[in-house]
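Structural features, examined
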Amino acid sequence: MARADRIDRRRIERHAAQLVATSVRPDRIAAAWSLLVCCARNEMPRMPAFLDHYRRLGVGHFLVLDNQSEDGLQDYLAQQPDCSTWLANGSYKASNFGMDWCNALLARYGVGKWCLTVDPDEFLVYPYCEQRDLHSLTARMEAIGQPSLFAVLIDAYGEGPLSRTTLTPDGDPFDICPWFDRFNLTQRYDPETEGFWVQGGVRMRRFFADRPELAPALNKVPLVRWTPGLRYVSSMHHLNDRRLNCTVNGRKDAVSAALFHFKYVSLLRDKASEEMVRGEHYAGSTEYKAYFDAGDVVLHDPSISLRYAGSEQLRQLGFMQAGTWF
């Protein structure tokens, strides 16, 4: 384990050298009570709604790693006073799918702060989030000694075919993709990480029905009180400190959450085509090949699709728990 840790640290240090500061606001980073870290490439259609969502929740400052976008993302973010940006010039795949870059920023700026690490198409929802911001959530977590937040990823989609599910910079993803699958998640405990691997949702139902074991993992740990030496090991699925990977396990007082995932929009087919050529995603971009092969698919199914109606709905359905937080 010690040797693996040394190898990971050296790889992170090597890839950290690829980061070029483009619009960094160190004073605002230092003053922020919380940070959000994300790695993005050509995400301009999502970014305004993404920033608005997390601003409403109370994020202090955004640290964005731009992996060579070509859609004006850098210029847009430079105009946002609560954003700092770096250009990530290297390979997304070689950098542990962007996590080496994220880990480098978390180690440099995140220690002692509550840090959210999410993708630009992931929107955090937690119990009572309509009334209580992240200050309230993290205060509750600190009061009960809960240093991290386990979340299940919920793939959201529209009612019609992907080609008509159009996401624009001024659109609300919750309006465009209001549907999600109910009651078709599986989970298994992993003693190595002391966490749970969750699979299922519309991705397993529609894209991996014939090989469910290959369906992408839906478990994440997006919110963590960052400490020295901490790092994500596999995307945001788990951390090197195994005690943080599922702090809700066996604790009725703990809080858990959900991440609404807005991947399934009209942009997906072009994205899939690009990523199949670039080969920069996990398992040779197998997931994107499945999306491309599916064509202009309709994901909505009246027998299993539910329309999102707020955080209380998810709590009652068992997607997350509020613990003793009232």
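Positions within a chain are numbered from 1, following the residues in the order the chain's sequence is written. Given that this is a predicted model, residues contribute local features only at a pLDDT of at least 70 and side-chain atom pairs are listed and counted only at 80 or more, while totals for whole chains, interfaces and linings are drawn from all residues. Only hydrogens and water are set aside when side-chain values are computed; all heavy atoms of the structure are taken into account.

1. So, the overall build of the protein chain
To qualify as a helix, a DSSP run of H or I must reach at least 4 residues; to qualify as a strand, a run of E must reach at least 2; elements of each kind are numbered from the N terminus. Across its full length, the protein chain holds eleven helices and 15 strands. We compute the radius of gyration over the C-alpha atoms and compare it with the globule rule, which gives 2.2 Å times the number of residues raised to the power 0.38. Since a compact globule built from 326 residues should have a radius of gyration of about 20 Å, the 19 Å found for the protein chain is in line with a globular shape. Principal-axis analysis of the C-alpha atoms gives the protein chain an extent of 50 × 45 × 40 Å. Residues are treated as being in contact if the distance between any of their heavy atoms lies within 4.5 Å. Here the contacts in the protein chain between residues at least 6 apart in sequence split such that 73% fall between residues at least 24 apart. Each accessible area is a Shrake-Rupley result for a 1.4 Å probe, and residues are judged covered by the shown protein chains and nothing else. Of the roughly 14000 Å² of accessible surface on the protein chain, a fraction of 50% belongs to carbon and sulfur atoms. Across the protein chain, 38 positive and 40 negative side-chain charges occur, with their mean positions spaced 5 Å apart. In this tally, Asp and Glu contribute negative charge and Lys and Arg positive charge; neither His nor the terminal groups of the chain are included. In plain terms, the charge of a residue is placed at NZ if it is Lys, CZ if Arg, CG if Asp and CD if Glu.

2. Section: the layout of surface pockets
Put simply, the second largest pocket is a space of about 410 Å³. Both site types are read off a 1 Å grid over the protein atoms alone. A 1.4 Å probe that fits but cannot get out defines a cavity, while an open set with protein on both sides within 12 Å along at least five of seven lines defines a pocket; lining residues have an atom within 4 Å of a point. Forming the boundary of the second largest pocket are 19 residues, of which Phe150, Gln187, Gly318, Phe319 and Met320 lie nearest the centre. Listed by contribution, the elements that provide at least two residues to the lining of the second largest pocket are strand E7 (148-157), strand E9 (185-190) and strand E10 (195-200). Grid points are joined across faces, edges and corners, and a volume is the space filled by probe spheres set on the points.

3. Comments concerning the pattern of salt bridges
Salt bridge, as used here: a side-chain nitrogen of Lys or Arg that lies within 4 Å of a carboxyl oxygen of Asp or Glu. Overall, the coordinates contain 16 salt bridges when judged by the stated rule. With a closest N to O distance of 3.3 Å, Glu142 and Arg225 form a salt bridge. A residue pair is termed long-range when its members are at least 10 positions apart, and Glu142 in helix H6 (residues 134-143) and Arg225 in strand E11 (residues 219-225) qualify at 83 residues. Residue classification places Arg225 among the partly exposed positions, given a relative accessible area of 33%. With a closest N to O distance of 2.9 Å, Asp241 and Arg243 form a salt bridge. The exposed category is assigned to Arg243, whose relative accessible area is 64%. We call a residue buried when its accessible area falls under 20% of the maximum for its residue type, exposed when it is over 50%, and partly exposed in between, using a 1.4 Å probe and counting protein chains only.

4. Thoughts on unusual backbone geometry
Within the chain, Asn96 stands out as a residue other than glycine whose phi angle is a positive 60°. Structurally, Asn96 is set in the loop between strand E4 (83-88) and helix H5 (99-110).

5. Digging into H5
Residue count minus one, scaled by 1.5 Å, sets the expected span of a helix. Relative to the 16 Å expected for twelve residues at 1.5 Å per residue, H5 spans just 14 Å between its end C-alpha atoms, considerably shorter than the ideal helical length. Within H5, burial applies to Met99, Asp100, Trp101, Cys102, Asn103, Ala104, Leu105, Leu106, Tyr109 and Gly110.

6. Topic: H6
Those residues of H6 that sit buried are Leu134, Leu137, Thr138, Arg140 and Met141. Buried residues along H6 cover an arc of 155° about the axis, so they all sit on one side. Its buried side turned inward, H6 meets helix H3 (47-57), strand E5 (114-117), strand E6 (122-125), E7 and E11. Throughout this description, a polar contact denotes any pair of N or O atoms lying within 3.5 Å of each other; where both atoms belong to protein, one of them has to be capable of donating a hydrogen while the other can accept it, and for residues adjacent in sequence the pair is counted only when both atoms sit in side chains. Backbone nitrogen of His135 and a side-chain oxygen of the N-cap are separated by 3.1 Å at the start of H6; the cap is Asp133. Each C-beta atom gives one direction from the helix axis, and the arc is the one those directions make.

7. Quick word on empty space enclosed by the protein
Counting across every chain of the model gives three cavities of 30 Å³ or more. By volume, the largest cavity amounts to about 60 Å³. If you go around the largest cavity, the residues you meet are Leu153, Ile154, Asp155, Asp181, Asn184, Leu185, Gly201, Val202, Leu218 and Phe319. The set of elements that each furnish at least two residues to the lining of the largest cavity consists of E7 and helix H8 (201-207).

8. Description of the pairing of E4
For E4, the buried fraction is high: five of the six residues fall into the buried class. Pairs of strands are assigned from DSSP output, requiring at least two bridges between the strands. In terms of strand pairing, strand E1 (residues 19-23) meets E4 through four bridges, oriented antiparallel. Bridging across to E4, Leu19 finds its partner in Ala88. Here five bridges tie strand E3 (residues 61-66) to E4, and the two strands are oriented parallel to one another. Bridge pairing in E4 links Leu63 to Ser84. For the crossover from E3 across helix H4 (residues 73-78) to E4, the handedness is right-handed. By convention, orient the strands away from the viewer: a clockwise path from the first strand over the helix to the second makes the crossover right-handed.

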